[in-house]
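What follows is the residue order along each chain.
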Amino acid sequence: MRLELGKINIKDVQFGSETKVENGVLYVNKEELITLISEDENLKSVDVELAKPGESVRIMPVKDVIEPRVKVEGPGGIFPGVLSKVDTVGTGRTNVLKGAAVVTTGKIVGFQEGIIDMSGPGADYTPFSKLNNVVLVCEPKDGLKQHEHEAAVRLAGLKAAKYLGEAAKNVEPDEVKTYESLSLLESVNKYPNLPKVAYVLMLQSQGLLHDTYVYGVDAKQIVPSIMYPTELMDGAIISGNCVSACDKNTTYHHLNNPIVEDLFEKHGKELNFVGVIITNENVYLADKQRSSNWSAKLAEYLGVDGVIISQEGFGNPDTDLIMNCTKIEKKGIKTVIVTDEYAGRDGASQSLADADPLANAVVTAGNANEIIKLPAMDKVIGHVEPANTIAGGFDGSLNEDGTIEVELQAITGATNELGFSKLTAKGY
Amino acid sequence: MSKIKVVHYINQFFAGIGGEEKADHKPEVREGAVGPGMEFNKRFKGEAEIVATVICGDTYFNENTEDAKKKILEMVKKYNPDIFIAGPAFNAGRYGVACGTITKAVNDELQIPVLTGMYIENPGADMFKKSVYIVETKNSAAGMRKAVKSMTKLALKLAKGEEIGTPEEEGYMPRGIRKNYFAQERGSKRAVDMLIKKLKDEDFTTEYPMPDFDRVEPNPAVKDLANAKIALVTSGGIVPKGNPDHIESSSASRYGKYDIADFNDLTSEDHETAHGGYDPVYANDDPDRVLPVDVLRDLEKEGVIGELHRYYYATVGNGTAVSSAKKFAAEFAKELKNDGVDAVILTST
């Protein structure tokens, strides 16, 4: 499977009479976009705002971030099984508005939504402060249950990303990058001397607002399976979850999975990247056992020498992480796990809810309990009041002058467990 | 800046009083440096000075710990030092425990920076490395010069309130405290590089060494359930409506104690969840789903259990630090015992 990603670098975003890309500027027809999103009868009101790097702007509570993409050649469309038909994606050509994103906000769904500051100290902790963001402010109709609210906003974000992505369809990319995965046998024949490596991608599926969708299927209901890495780049996996903002994999993260990117970087040189094993993080013990058995079985069946395992969320999924790690290690396959830590505000507590000596190669994305002080911003897109109740906030987080004191947990993408960012922690 | 004032603690042996036969030596304080204190003073190069030395026999300290602690704290307080240094104790077990105990006490009670040093297998190391800075030394006094060299460097930093580097940089035993920083490369790249090293059987450094887990064996089963007083405790966040104690949705810093004497059934009218880790709809619809008061009332009526305790305790387990959870439980476990509770049903989510 071979995919060309055509990257169109977006330097600025502005409202305009027509949605289009011109000289690196994304113009957005605000009314047209609002009309499209307002189709959903569960949304009472929809507004669109822009947030650019360096502005004194705070977006919160953030639900999802999505990168606009469009299929230019090859079967299927973006977000298969959700917005497009369920064709298998990941081949041909996909154009990307690099440097732009759709961010969804509006009334809080539950607790676990995040903050994106476009400037100031908070901006260092979220990758989305560096993007030109088209922010959807979606307010639900009264009396909507949380999961219906989440579904409405999730679809709104995807629809907006698809709508904006279509503006890139006929634009000449600034850069084209090609990713190719051969069939297992061909790949092994081509690189007989390189160690075979797979990527075990754990998908958040604790249920009830903690969901991820694979080609439209709720990941709770899958058994572990194998995917080509390029399928992710066309939106085969999307986020539908409200786990803590710092370590949820937004749809943007899935589209730009950095482990996939960095494994491709070494592919054919230092290792042979043969594919992605997706698995879930269900809450029932039998599910955990079945899924970890299967991820280990698939790794064994592929005959790989090593795997990287990434986690999503924390606490309960720590058990899935350790089960995957230990069962795969016991097959004689070497593992590296990517996680983050909840070591308490003072950093003195044990960081994970489960551990095993076989997990001897850990990459950490930092301690999510560390406190950060965020200065007031000139403008807030969304609602600032949830600062006291979102995960990572506490009674008194929000001060009268608009400053906020929260754990990093509340910042979208701060301790991402795909290793998207540079934050990490060490022992003292 | 005036000279940094140091009070030094040593045992009877290093004070030149005697060996084992003098180990019952009671605490005394002498002006200036004694024994290894001379080496410290030399290394301080005028930046700091030992103003007093506390001497105590190892046996005396360990057999009269409370008394020794009290006396020594008074002695230290009088000099109001900028830092308190004990040892180094090398592999002397009772001396190591004394150094750990007294440095921790001085730090806790007098809020003065403290430092000690010992061999990694000294029992005092495991007992106190998380509480105080312990410089790792050789296992005998032959390593005195090297130990004092590392200790003076760290002592000056501590006394001046300077930022302390990693255990590798400063030579102290890891205290298990995690601190964030921005790495050169993103996490995914570090993971790929680590895997390549692991595949080649090359050395690699894990970023998070696995912790030693505190595993708790369950108690034996309750024999006489029909006469047992049962309490409910939950980390599922069920609180009286409005969350009167403002328990956080994640990383809880507090717990609540609530009276359920008047409830046979929890409803959305009177209770809700404060927990941020799951969709609250079903817990709010019927809070008994997380805190089963209704079922326990049935069992009470049927005589299966003796009675349901009138108070339940609740916190939010979502992202809550183990140290906080331990602290909460230590407090309310005492109350539960005093209230004659025989068994507790812990519900999570």
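The rules behind these values
- Residues numbered from 1 in each chain as written.
- Chains lettered and ligands numbered in written order.
- Predicted model: local features only at pLDDT ≥ 70, side-chain atom pairs only at ≥ 80, totals over all residues.
- Heavy atoms only, no water.
- Core = buried A, V, L, I, M, F, W, Y, C linked by side-chain atoms within 4.5 Å.
- Buried < 20%, exposed > 50% of the residue type's maximum accessible area, 1.4 Å probe, protein only.
- Contact = heavy atoms within 4.5 Å.
- Buried area = accessible area lost by both parts, 1.4 Å probe.
- Salt bridge = Lys/Arg side-chain N within 4 Å of Asp/Glu carboxyl O.
- Polar contact = N/O pair within 3.5 Å; in protein donor to acceptor, adjacent residues only side chain to side chain.
- Helix = DSSP H or I, 4+ residues; strand = E, 2+ residues; numbered from the N terminus.
- UniProt positions renumbered as here; feature names shortened; annotations may be inferred.
- Patch = residues over 30% accessible without salt bridge, like charges linked within 9 Å, V, L, I, M, F, W, Y side chains within 5 Å.
- Areas by Shrake-Rupley, 256 points an atom, 1.4 Å probe, with all protein chains shown as cover.
- Lys, Arg positive; Asp, Glu negative; His and termini not counted.
- Charge placed at Lys NZ, Arg CZ, Asp CG, Glu CD.
- Arc of directions from axis to C-beta.
- Pairing = 2+ DSSP bridges.
- Axes fitted to C-alpha atoms, helices over the stretch in contact; angles between N-to-C directions.
- Domains from an automatic or database assignment.

The name an unreviewed UniProt entry gives chain B is Beta-aspartate methyltransferase, with Thermohalobacter berrensis as the organism.

Naming follows an unreviewed UniProt entry, where chain A appears as Beta-aspartyl-peptidase of Thermohalobacter berrensis.

Novice: How should the nonpolar core be read in this particular structure?
Specialist: For soluble globular proteins, nonpolar side chains are generally found buried alongside one another. Counting 62 residues, the largest nonpolar core has Y9, F44, I72, V76, F84, V106 and L115 of chain B as its most contacted members. Residues F273, I278 and V338 of chain A together with V192 of chain B belong to the second largest nonpolar core, which totals 38 residues.

Novice: Looking at this structure, I do not really get the interface of chain A and chain B. What am I missing?
Specialist: Listed per partner, the contact involves 77 residues of chain A and 63 residues of chain B. Taking both partners together, chain A and chain B bury about 5,800 Å²; carbon and sulfur atoms supply 58% of that area. Of all residues in chain A, the largest losses of buried area upon contact with chain B belong to Q350, K422 and Y428 of chain A, amounting jointly to 15% of the total for that side. Seen at the junction of chain A and chain B, the total is six salt bridges. Across the chain A-chain B interface, the total number found is 38 residue pairs in polar contact (both at pLDDT 80 or more). Elements supplying a minimum of two residues to the side of chain A that touches chain B: α2 (146-165), α6 (258-266), β20 (306-310), β21 (334-341), β22 (362-367) and β26 (423-427) of chain A.

Novice: Even after reading the chapter, I still don't get the UniProt feature "modified residue: Pyruvic acid (Cys)" (unreviewed entry) in chain A, so can you show me in this structure?
Specialist: All names here are of chain A. Listed under "modified residue: Pyruvic acid (Cys)" (unreviewed entry) in the UniProt record, and renumbered for this structure, are C242. With respect to the element layout, C242 can be found in the loop between β18 (237-241) and α5 (251-255). Residue classification places C242 among the buried positions, given a relative accessible area of 5%. If near-sequence neighbours (up to four positions away) are discounted, C242 is found in contact with V109, Q112, E113, E150, L209, H210 and K248.

Novice: So what exactly am I meant to see when it comes to a positive patch on the surface here?
Specialist: A contiguous patch of positive charge, built from K45, K138, K146, K149 and K153 of chain B, is present on the exposed surface. Tracing the backbone shows K146 of chain B in helix α6 (residues 144-160).

Novice: How should I be thinking about helix α1 (residues 30-38) of chain A in this particular structure?
Specialist: Along an α-helix, a turn takes 3.6 residues, which lines up residues three or four apart on a common side. All names here are of chain A. For α1, the complete set of buried residues consists of L33, I34 and I37. Seen along its axis, α1 keeps its buried residues to an arc of 100 degrees; they face one direction. Relative to its buried face, α1 has exposed residues pointing more than 90 degrees away, namely E31 and T35. In this fold, the buried residues of α1 make contact with β4 (25-28), β5 (43-51), β12 (132-140) and α2. A distance of 3.2 Å separates the backbone nitrogen of E31 from a side-chain oxygen at the start of α1, and that oxygen is part of N29.

Novice: What's the story with the environment of D201 of chain B in this structure? I'm lost.
Specialist: Following the sequence through the fold, D201 of chain B ends up in the loop between α8 (187-199) and β8 (229-234). At 2.9 Å, the side chain of D201 of chain B forms a polar contact with the side chain of K334 of chain A.

Novice: How do you make sense of unusual backbone geometry when you look at a structure like this?
Specialist: Leave glycine aside and you will find that most residues have negative phi; peptide bonds, for their part, are mostly trans. The residue after M60 of chain A, namely P61 of chain A, is reached through a cis peptide bond having omega -10 degrees. Mapped onto the secondary structure, P61 of chain A falls in strand β6 (residues 57-62). Although it is not a glycine, N23 of chain A adopts a positive phi angle of roughly 50 degrees. Residue class for N23 of chain A comes out exposed when judged on its relative accessible area of 69%. Notably, K45 of chain B is not glycine yet its phi reads approximately 50 degrees, a positive angle. Along the polypeptide, K45 of chain B turns up in the loop between α1 (36-44) and β3 (48-56). For K45 of chain B, a relative accessible area of 74% corresponds to the exposed category.

Novice: Sorry if this is basic, but what is going on with the side chain of T250 of chain A here?
Specialist: All names here are of chain A. As for its placement among the helices and strands, T250 is situated in the loop between β18 and α5. Here the side chain of T250 touches H253 through a polar contact of 2.8 Å, side chain to side chain. When residues no more than four places from it in sequence are discounted, the contact partners of T250 are D64, V65, F128, S239 and T412.

Novice: How should the sheet that holds β4 of chain A be read in this particular structure?
Specialist: Strand pairing in a sheet takes place through backbone hydrogen bonds and is either antiparallel or parallel in direction. All names here are of chain A. Within the open sheet, the three strands sit side by side as β2-β4-β3. Their pairing is mixed. The outermost strands of the open sheet, each flanked by one partner alone, are β2 (12-15) and β3 (20-22). Taken over all neighbouring pairs, the strand axes of this sheet differ in orientation by 25 degrees on average, direction set aside. Bridge count for β2 against β4 is four bridges, and the pairing is parallel. What sits directly across from F15, in β4, is V28.

Novice: What is the right way to read the domain arrangement of chain B from this model?
Specialist: Interface size, as often reported, equals the accessible area lost upon joining of the parts. Per the domain assignment, the segments making up chain B are domain 1 (4-170) and domain 2 (225-347). A separation of 46 Å is found between the C-alpha centroids of domain 1 of chain B and domain 2 of chain B.

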